[in-house]
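Summary of the model geometry
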Amino acid sequence: MTSSPVLDPTRLAKLREALLAASYTADGCLDLLGPTGYAALARSEAVPALRATRGGTALETLVRLFLLQQPVPYAAAAAALPVEDCLTDGWLRPDGDQVRAAVDIRPYANEVAGLPSSDAWVVSDLGCAVGGAGGIGSGETAHGVARRELVLGVGGASTTLANIAVRRPVRTALDLGAGSGVQALHAARHAQRVVATDLNPRALRFAELTLALSGFDNTHTAEGSLFEPVRERRFDLIVSNPPFVISPGSRFTYRDGGMAGDDLCRSVVRGAAAHLEPGGYCQLLANWQHVQGEDWHDRLAGWVAGTGLDAWVVQREVQDVAQYAELWLRDGGDHRGPGGDYQARYGEWLDAFEAAKVEGIGFGWITLRASGAERPTVRVEEWPHPVEQPLGPHIEDWFARQDFLRTHDDAGLLAARYVLADEVVQEQVGSPGAEDPEHVILRHNRGMRRATKVDTVGAGFAGVCDGTLSAGEIVDAIAQLLGEDRAVLRERVPESLRLLTEQGFIEPVGL
């Protein structure tokens, strides 16, 4: 295994103090670089940041070292951090009368809903902080590291999973396939103990560096595939950004699952039930195949069937097989190599998809919960539209509403009292000048930001449900107002109540 920095607690604490003293934090870097320079870095463009760091301050030196990975004079580095310790432990390497970063140390705002932001740093390989391994070229090694062993930093998938995770206080959490430790960072703030696992021992070393540099001592790591390292242990929260890429080989440990098709993600789903405490959640990002002649909804429901878990699967996008192959070939830097090699690898991907009759690849998130229900709720849907982030609190609310719906028959729904959810608005759609609207839309500006069409009764109900009266009492009043049969309306309304509750437009009082 290629070497990584030494984890010496005393010297690591000194490094952390130096980073904080220089304001080498997410907020500090944003203030220094400005929105334009910071956004350019996310696109792997360094010129604006180079222009903003010409003054020689400690913060500018650290940005050039660790974010831009430029050499800096020894004296400048010594003024910003304990340079000899960093050289000894492998955070820096000498370069004549200058020094260079040996790893990427990236400031990270460790945010958890309901808690103040906490400064953290994510440690990863050089050139791998954003956009995969595509920025490091196409050779078999990069900066002396075998490409297969590369450890990535924070990317779009990392932040997506961090934002959808349920952040209630828990006793135990598991980061399955931890990589550089981004998810473990978040979990360490609301879990008493966190276990981070990975198949790549080098990734676990980087996760340990990330967590220790960020000041956490309530975590430990375990090496192995999927749930093997934790044996029979159970957790209140499992989060996983697994190597979900459906590829014809296993070139990169950080992304290629090494199993046929989408079997790796399916294995995580199938294995979660045996490792969740009652009421526990498992949340993961996943890719799944759209196979010719097969409904993808049924495919994903089949993953969950028989586990005893509630499930909410949301497909965020679908790519055709050519788009998908191009995306991950670029991620691996293959587009930078000889044209013939790129074309050959491209052909391998298309051959594999053709043989498996795969027409497209879906991407999304999966949330599972050990509710203990006799008849678990399984919802599989496509939702490519913008959502509110962080979404974790809304996901937790969704599962709470499923418990309510599962335990209330039609009579129970009518007996319950409801309130209109925050930031629900009503829109009336119709031809200009028409006396009455053609239909009424309820639009929710929070969470999934859904919209649904309702009839006159539904619109009237939403307009007056303030938790004072039961749903049945409101329906009776509407029936009298409209001159409709009260019994007929009471028989019809529960279906609408279920929809409006499930999608979060109305909330049962006391839930």
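As shown above, the structure is provided for reference.
A brief look at the structure comes next.

This brings us to the nonpolar core. Of all hydrophobic cores here, the largest spans 79 residues; its most connected members are Ile 366 and Leu 368. Setting aside anything within four residues of it in sequence, one finds Leu 368 in contact with Val 269, Ala 272, Gly 280, Tyr 281, Cys 282, Val 304, Leu 309, Asp 310 and Ala 311. Counting residues in hydrophobic clusters, the runner-up holds 37 residues, among them Leu 19, Phe 66, Ala 77 and Trp 121.

Relative to the helices and strands, Ala 196 is located in strand 9 (residues 191-198). Under the relative-accessibility criterion, Ala 196 is labelled buried at 1%. When the C-alpha positions of Ala 196 and Ser 247 are compared, they lie 25 Å apart, and in sequence the two are 51 residues distant.

The next point concerns the state of the cysteines. One pass over the full model with this rule turns up zero disulfides. Free cysteine: Cys 29, not disulfide-bonded; nearest cysteine sulfur from Cys 86 at 16 Å. For the unlinked cysteine Cys 282, the closest cysteine sulfur is that of Cys 265, found at 11 Å.

Assignment of secondary structure puts Glu 507 in strand 21 (residues 506-508). With a relative accessible area of 32%, Glu 507 lands in the partly exposed category. For the pair formed by Glu 507 and Tyr 418, sequence separation is 89 residues and the distance between their alpha carbons is 5.4 Å. With sequence-adjacent residues up to four places away left out, Glu 507 is seen in contact with Arg 417, Tyr 418, Val 419 and Ala 421.

The next point concerns unusual backbone geometry. The linkage connecting Gln 389 with the following residue, Pro 390, adopts the cis geometry, with an omega of 0°. At Leu 226, a position not held by glycine, the phi torsion is positive, near 50°. Along the polypeptide, Leu 226 turns up in the loop between strand 10 (219-223) and strand 11 (235-240). Phi at Arg 231 is positive, roughly 50°, even though this residue is not glycine.

Let us look at the sheet that holds strand 17 (residues 424-429). Strand order in this open sheet of three strands is 17-18-19, and the pairing throughout is antiparallel. Lying at the two open borders of the sheet, with one neighbouring strand each, are strand 17 and strand 19 (451-454). The mean inter-strand angle of the sheet, taken between neighbouring strand axes irrespective of direction, is 25°. Relative to strand 19, strand 18 (residues 439-444) is paired through four bridges, and the arrangement is antiparallel. Of the residues in strand 19, the one forming a bridge with Ile 441 is Lys 453. Of the strands in this sheet, strand 17, strand 18 and strand 19 are in contact with helix 16 (residues 456-464), which crosses strand 19 at around 115°.

Along the chain, Tyr 346 falls in helix 13 (residues 339-355). As a C-alpha pair, Tyr 346 and Leu 185 span 161 residues in sequence and 36 Å in three-dimensional space.

Next up on the list: the side chain of Thr 197. Inspection of the secondary structure puts Thr 197 in strand 9. For Thr 197, a relative accessible area of 1% corresponds to the buried category. Other than its neighbours up to four places away in sequence, Thr 197 contacts Leu 174, Asp 175, Leu 176, Gly 177, Ala 178, Leu 204, Ala 222, Leu 226, Pro 229 and Val 230.

Reading the values: rules and limits
- Residues numbered from 1 in each chain as written.
- Predicted model: local features only at pLDDT ≥ 70, side-chain atom pairs only at ≥ 80, totals over all residues.
- Heavy atoms only, no water.
- Core = buried A, V, L, I, M, F, W, Y, C linked by side-chain atoms within 4.5 Å.
- Buried < 20%, exposed > 50% of the residue type's maximum accessible area, 1.4 Å probe, protein only.
- Contact = heavy atoms within 4.5 Å.
- Helix = DSSP H or I, 4+ residues; strand = E, 2+ residues; numbered from the N terminus.
- Disulfide = S-S within 2.5 Å.
- Pairing = 2+ DSSP bridges.
- Axes fitted to C-alpha atoms, helices over the stretch in contact; angles between N-to-C directions.

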